[in-house]
Every structure is written in structure tokens, then in C-alpha cells.
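Breakdown of the fold
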Amino acid sequence: MILGFDLILLLFVVICAVAALSVKDLLSAVIILGAYSFFMCLLWAEMGAVDVAFTEASVSAGIGTVLFIAAVSKTQRGSKD
Amino acid sequence: MTRVTDDIIIRAVARILIPFIQLYALYVIMHGHHSPGGGFQGGVIMGASFILYLLTHGLEEAKTRMSEIRAGVFSSFGLLVYSGIGLLCLILGSNYLDYGKLSTVLKVIPAQARSLGILGVEIGVGIAVMAVMFSIFFDISTGGILPEDEEDLGARDG
């Protein structure tokens, strides 16, 4: 555990979360959410929870992104609000 | 999303990559009880390999490997493996999923029986999660309407 590294990763996580919420294009939001999941996975692994990091990487960054892209391709790509 | 692509690069890369993804998924499942990973993560990775096949080779070809019906059968079978091992422990006179008593059936010492029991449960969980992940993606990408259903609707209209 290195506190500085933790804080840098946490900063990336927060930036990705805010960007995923504020971007208009839904496909971009999904890709940023994938990056968010990957930084979250790095944070879990760095804090010693390797099993949780594994789950986060495979489920959220892997399958979750694909499922969101499939859902976006079935609906409108732009967000109204 | 599930159209057939005729790009040779995508098809070739998927064909080379899918066996390695599946091998890695099997490794994660088999080593789940003494290293990070396990039935759920391995099952998700295995499901991802089938989703990659569906994305690159289209619905028609993917149905020869893994169809909607087959995914349902696999998910039920995985649950059957999981609950079957648990009930076997219950029948042998211990608690649900208490693998120590399996030593009388497997003819090994209780510590080894616990290891084998949890491996069996992880295999069951892996099969179920693989089938359910494929099924969720299948339903989202097709919208629940299969091509033969559309043909049937068209024939009925015409």
C-alpha cells in the first residue's frame, strides 16, 4: 500500500466518473465507464484485494462494457439532457 | 451487432484468440480455490469468449456452437452440479456444502475431499455463469427477436 499511488488512482477514478456522467455521446460514456472500471480494478489490486480486482476487471470492464454497447446500439446514441 | 463480418482480420484474430481465452478461463476455474479467481470470474471469461465468437462470426454460425436453448440447459446444469454437491453432503449426514463428509464417497482423506468438493462447486458455478452471461448478451443484442421469428412474422403478414 502506497498512499500517494492510491490518491493518484482515486483522482483518475473520480475524473472518469465525472466525465462519464457529463459527456453527451452515450457510446463515449460507455467507453469512459470501462476506463473507470479499469482504474477501479487497479485500485483494488493495489490495496491488496486481488480477488475483487479480478472480478472488477472481468465483469465490469469486460462483460459490462460489451452489454452497455449492445444496449446503446439498440437505442439512440445521443443523450437528451 | 450480430451481423456476419467479412473482414478477414477480425475473423482470423478472433479464431486465434478464442482458444487462449477459453484456456485461461479453465485455468482460473481450476485454480480458484488456492489463488485469486474462481468459478464466477472463470465463467465470465468463458462467457466473454462465446460473446466474442457471436460478435465476429454472426448469429447463424454462433448458433451451431452455443444457442439460446443450449445456454438455458447449461445454466440449469451448472445449478444442478452446485446444488447436487450440496445435497450430497446433506444426504451423507453433515451440513449443506460441508465437503468433509464427501471423503466417504470419494475414498480420500477429509482435507482432500474438501478441496475436491469446492472444485466441483466452482465448476458448477462456472458453467452456470458462462451460460447466463451469454444468454444476457444474446437477449440484449437480438432484442429477444430471433431471425426465424421475424421470418415467421413476415410469412404471417404476407
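Our structure's up above, just so we're on the same page.
In this report, the structure presented in the accompanying data block is examined. Bear in mind the structure is a predicted one, so any value in this text is a computation, not a measurement.

The rules behind each value
- Residues take numbers from 1 onward in each chain, read along the sequence in its written order.
- To read the labels, note that chains go from A and ligands from 1, taken in the order they are written.
- With the structure being a predicted model, the display of local features is reserved for residues of pLDDT at least 70 and the display and counting of side-chain atom pairs for 80 or more, all residues being used for whole-chain, interface and lining totals.
- Here the side-chain values reflect all heavy atoms present in the structure, with hydrogen atoms and water set aside.
- By definition, residues are in contact when any of their heavy atoms lie within 4.5 Å.
- By buried area we mean the combined loss of accessible area, with a 1.4 Å probe, across both parts when two parts are placed together.
- Put simply, a salt bridge is a Lys or Arg side-chain nitrogen that is within 4 Å of an Asp or Glu carboxyl oxygen.
- When residues are grouped by polarity, Ala, Val, Leu, Ile, Met, Phe, Trp, Tyr, Cys and Pro land in nonpolar, Asp, Glu, Lys and Arg in charged, and all others, Gly among them, in polar.
- Only DSSP runs of H or I reaching four residues or more are called helices, and only runs of E reaching two or more are called strands; each is numbered from the N terminus.
- Relative accessible area decides the class of each residue, using a 1.4 Å probe on protein chains only: under 20% of the type maximum gives buried, over 50% gives exposed, and in between gives partly exposed.
- Aromatic contacts are taken between Phe, Tyr and Trp rings whose centres are within 6.5 Å, Trp giving its six-membered ring; a plane angle under 30 degrees counts as stacked, one over 60 as edge-to-face, and the others as tilted.

1. Thoughts on the interface of chain A and chain B
It is common to give the size of an interface as the accessible area lost on bringing the parts into contact. Contact residues are listed per partner, giving 14 residues for chain A and 18 residues for chain B. Between chain A and chain B lies a buried interface of about 1300 Å² when both sides are counted; carbon and sulfur atoms form 81% of it. When the area that chain A buries against chain B is broken down by residue, the three leading residues are Phe54, Ile63 and Leu67 of chain A, summing to 40%. The tally of links from chain A across to chain B stands at zero salt bridges. Looking at the side of chain A that touches chain B residue by residue, the classes come out as nine nonpolar, three polar and two charged.

2. Quick word on the side chain of Glu46 of chain A
Residue and element names in this part refer to chain A. With respect to the element layout, Glu46 can be found in helix α2 (residues 26–46). Judged by relative accessible area, which is 15%, Glu46 ranks as buried. Setting aside anything within four residues of it in sequence, one finds Glu46 in contact with Met1, Ile2, Phe5, Asp6 and Leu9.

3. Details of the packing of aromatic side chains
The description of an aromatic ring pair uses the distance of the two centres, along with the angle that the planes make with each other. Under the defined criterion, the tally for this structure stands at five aromatic pairs over all chains. Ring geometry for Phe50 of chain B against Phe134 of chain B: centres 6.3 Å apart, planes inclined by 75°, an arrangement best described as edge-to-face. Here Phe50 of chain B is found in helix α2 (residues 39–65), whereas its partner Phe134 of chain B is found in helix α5 (residues 110–142), with 84 residues between them in sequence. Judged by centre distance (5.7 Å) and plane angle (40°), the ring pair of Phe134 of chain B and Phe138 of chain B falls under tilted. Here Phe134 of chain B and its partner Phe138 of chain B are both found in helix α5, four residues apart, which amounts to about one turn of the helix. The same class applies to Phe134 of chain B as to Phe138 of chain B, namely buried. Connected via pairs of aromatic rings, a cluster forms that spans Phe54 of chain A together with Tyr24 and Tyr27 of chain B.

4. Overview of the pattern of salt bridges
Residue and element names in this part refer to chain B. This model, assessed by the stated rule, comprises two salt bridges over all chains. With a shortest N-O distance of 3.3 Å, Glu61 and Arg11 are connected by a salt bridge. Separated by 50 residues along the polypeptide, Glu61 in helix α2 and Arg11 in helix α1 (residues 8–30) bring together distant segments of the chain. Between Arg114 and Asp98 there is a salt bridge, with its nearest N and O atoms 3.1 Å apart. Of this pair, Arg114 sits in helix α5 while Asp98 sits in the loop between α3 (68–91) and α4 (103–106), placing them 16 residues apart in sequence. Residue Asp98 is classed as partly exposed on the basis of its relative accessible area, which comes to 24%.

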